[in-house]
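One letter stands for each residue in the lines below.
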Amino acid sequence: MKRSALPRAAVTVVTSALSLALLTGCGGSGSDDDKSAGAKASETAAAKALSGGELEKLIIATADVDGYKVAAADRSQQFASSKDDVKVVDEKCTPIAYVLTGFAPGDSAAYINRQATEVAAKPSASSTKSMEDMTEEELDEAMKGITDALGQTLTIVSLSSYEDDGAKKTLSSVSEAIAGCGGGFTATADGDTQKFTKVEKEKASGTGDESLAFAVTGDADGDKVVVHGEVVRHGSTVATYYSISLAAFSGDSDVAAYDIPAAVIKAQAAKLS
């Protein structure tokens, strides 16, 4: 195997586990941090939903955020086949499950998502060698490449748009799910069932008109996995962020704490402002 393929291979192996990750670490309890203290009473309820084409122009691209590659999300590896395939035993927890499967948290008029991944360091000259031909030092360097790749954070960014007060109602439903599902819940996607154990309140970014953030704990093959979610309303558009450290699936018990990348949220908020 060429070293140049090592980080990619590691990411591929780990992201393939995201078919489980979509249900690994779901639960509910979170933060309700409004950008301004309290919504303005004069804010109009009538809002026009953006079209899918308009959302295409507004969602982040690689050029918008330094240090990240932004591409179409690979639904075949990471998500349920469709939103209808996501089933939650406790219905009020469904918006959280949608966030963690990369779908719109509410009944949107239009929806789009992207996958933002930290850019790995460029491989060294030894990357052209097979592992069998590497010296001990080169093999150590190759293994470090895998570790570095696993330490990256993958973030699913989605935009969904709503008619009238649909975006505000969607944020309310997420808030209710966060508050009411703290003890965990059970969800099924494409026939895979997972019990989620814990959700903790986190401080939201404060971007947009309203923002909510939460951390969810689950289990992946016996290892505790923590993922992070944030939902932000920008007028009639809702941005969601779902981040996971790839190291969470490496079996490394000393995975460093991580958050949804501030650079990704900042870049997306700038395009929506």
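Here the structure is shown first, and the text comes after it.
Being a predicted model, the structure only gives us computed values, none of them experimental.

A few points about the pairing of strand S6 (residues 186-189)
Point 1. Only one face of S6 is buried: it carries Ala187 and Ala189, and the other face, with Thr186 and Thr188, is open.
Point 2. Two elements, strand S3 (residues 86-88) and S6, share three bridges in a ladder whose sense is antiparallel. Residue pairing in the sheet places Val88 in a bridge with Ala187 of S6.
Point 3. Counting the residues between successive antiparallel strands, the hairpin from S6 to strand S7 (residues 192-195) contains two residues, one of them, Asp190, with a positive phi of roughly 50°.

Brief notes about the packing of aromatic side chains
Point 1. As enumerated under the stated definition, the model contains two aromatic pairs in all.
Point 2. With centroids separated by 6.5 Å and ring planes inclined at 35°, the aromatic side chains of Phe103 and Tyr111 adopt a geometry described as tilted.
Point 3. Geometry around Tyr98 places Lys83 over its ring, the cationic atom sitting 4.5 Å from the centre.

Here we look at helix H8 (residues 262-272)
Point 1. Within H8 the residues assigned to the buried category are Val264, Ile265, Ala267, Gln268, Ala269 and Leu272.
Point 2. Taken together, the buried residues of H8 touch helix H3 (52-58), strand S2 (68-71), strand S4 (110-118), strand S5 (153-161), strand S10 (223-234) and strand S11 (237-245).

Regarding the sheet that holds S6
Point 1. The strand order S3-S6-S7 describes an open sheet built from three strands, whose pairing is antiparallel. With one partner strand each, in any of the chains shown, S3 and S7 form the two edges of the open sheet. Strand-to-strand twist in this sheet, taken as the mean axis angle between neighbours without regard to direction, amounts to 20°.

A few points about the nonpolar core
Nonpolar side chains in soluble globular proteins tend to end up buried together.
Point 1. Ranked by size, the top nonpolar core spans 35 residues in total, and within it Ile96, Leu100, Phe185, Phe214 and Val227 carry the most contacts.
Point 2. Put simply, the parts of the chain that give this core at least two residues each are S3, helix H5 (94-99), S5, helix H7 (166-180), S6, strand S9 (210-220), S10 and S11.
Point 3. No other element matches H7, which puts five residues into this core.

Quick notes on the pattern of salt bridges
Point 1. As enumerated under the stated definition, the model contains seven salt bridges in all.
Point 2. With a closest N to O distance of 3.1 Å, Lys271 and Asp64 form a salt bridge. Of this pair, Lys271 sits in helix H8 while Asp64 sits in the loop between H3 and S2, placing them 207 residues apart in sequence.
Point 3. Here Lys169 ties to Asp165 by a salt bridge, and the two come within 3.8 Å at their closest N and O atoms.
Point 4. Judged by its relative accessible area of 54%, Lys169 is exposed.
Point 5. By sharing partners, the salt bridges in this structure join Asp209, Glu210 and Arg233 into a single network.

Re the pairing of S4
Point 1. Burial analysis of S4 places seven of its nine residues in the buried class, the great majority of the element.
Point 2. Sheet topology note: the S2/S4 ladder contains four bridges and is antiparallel. Paired with Ala71 across the two strands is Gln115, which belongs to S4.
Point 3. Summarising the sheet, S4 and S5 pair through eight bridges and their orientation is antiparallel. When the sheet's bridge partners are listed, Ala110 is paired in S5 with Ser161.

Some points on the state of the cysteines
Point 1. Taken as a whole, this structure holds one disulfide when the rule is applied.
Point 2. Paired by a disulfide, Cys93 and Cys181 hold their sulfur atoms 2.0 Å apart. What sets the handedness of the Cys93 and Cys181 disulfide is the S-S torsion sign, and at about -105° it is left-handed. Of this pair, Cys93 sits in the loop between S3 and H5 while Cys181 sits in the loop between H7 and S6, and the two are 88 residues apart along the sequence. Considered together, Cys93 and Cys181 belong to a single accessibility category, that of buried residues.

Details of the side chain of Arg114
Point 1. Looking at where Arg114 falls in the secondary structure, it is placed in strand S4.
Point 2. A distance of 2.9 Å separates polar atoms of two side chains, one belonging to Arg114 and the other to Glu56.
Point 3. Arg114 has contacts with Glu56, Ile59, Ile60, Val70, Ala71, Ala72, Ala73, Thr155, Ile156 and Val157, leaving out every residue within four places of it along the chain.

About the cut-offs
- Position labels on residues start from 1 in each chain and follow its written sequence.
- At least 70 in pLDDT is required for a residue's local features to be given in this predicted model, at least 80 for side-chain atom pairs to be given and counted, and no such filter applies to totals for whole chains, interfaces and linings, which use all residues.
- Side-chain metrics rest on all non-hydrogen atoms present in the structure, leaving aside hydrogens and water.
- A simple rule labels every residue: compare its accessible area, found with a 1.4 Å probe on the protein chains alone, to the largest value its type can have, and call it buried under 20%, exposed over 50%, or partly exposed in between.
- Counting from the N terminus, the helices are the DSSP runs of H or I reaching at least four residues and the strands are the DSSP runs of E reaching at least two.
- Two strands are said to pair when DSSP picks up at least two bridges between them.
- Stacked, tilted and edge-to-face are the three classes assigned to paired rings of Phe, Tyr and Trp, where Trp is represented by its six-membered ring and a pair needs centres within 6.5 Å; plane angles under 30 degrees give stacked, over 60 edge-to-face, the rest tilted.
- A ring is scored as having a charge over it whenever the NZ atom of a lysine or the CZ atom of an arginine sits within 6 Å of its centre and within 35 degrees of its normal.
- Any two residues having at least one pair of non-hydrogen atoms within 4.5 Å are treated as being in contact.
- Fitted lines through C-alpha atoms give the axes, limited to the stretch in contact for helices. The angle between two N-to-C directions lies from 0 to 180 degrees.
- Residues enter a nonpolar core if they are buried and are Ala, Val, Leu, Ile, Met, Phe, Trp, Tyr or Cys, with the set joined through side-chain atoms within 4.5 Å.
- In what follows, salt bridge is the name for a side-chain nitrogen of Lys or Arg lying within 4 Å of a carboxyl oxygen of Asp or Glu.
- Sulfur atoms of two cysteines make up a disulfide when they are within 2.5 Å.
- Pairs of N or O atoms within 3.5 Å make up the polar contacts considered here, provided that, within protein, one atom can donate a hydrogen while the other can accept it, and that residues adjacent in sequence are counted only when both atoms are side-chain atoms.

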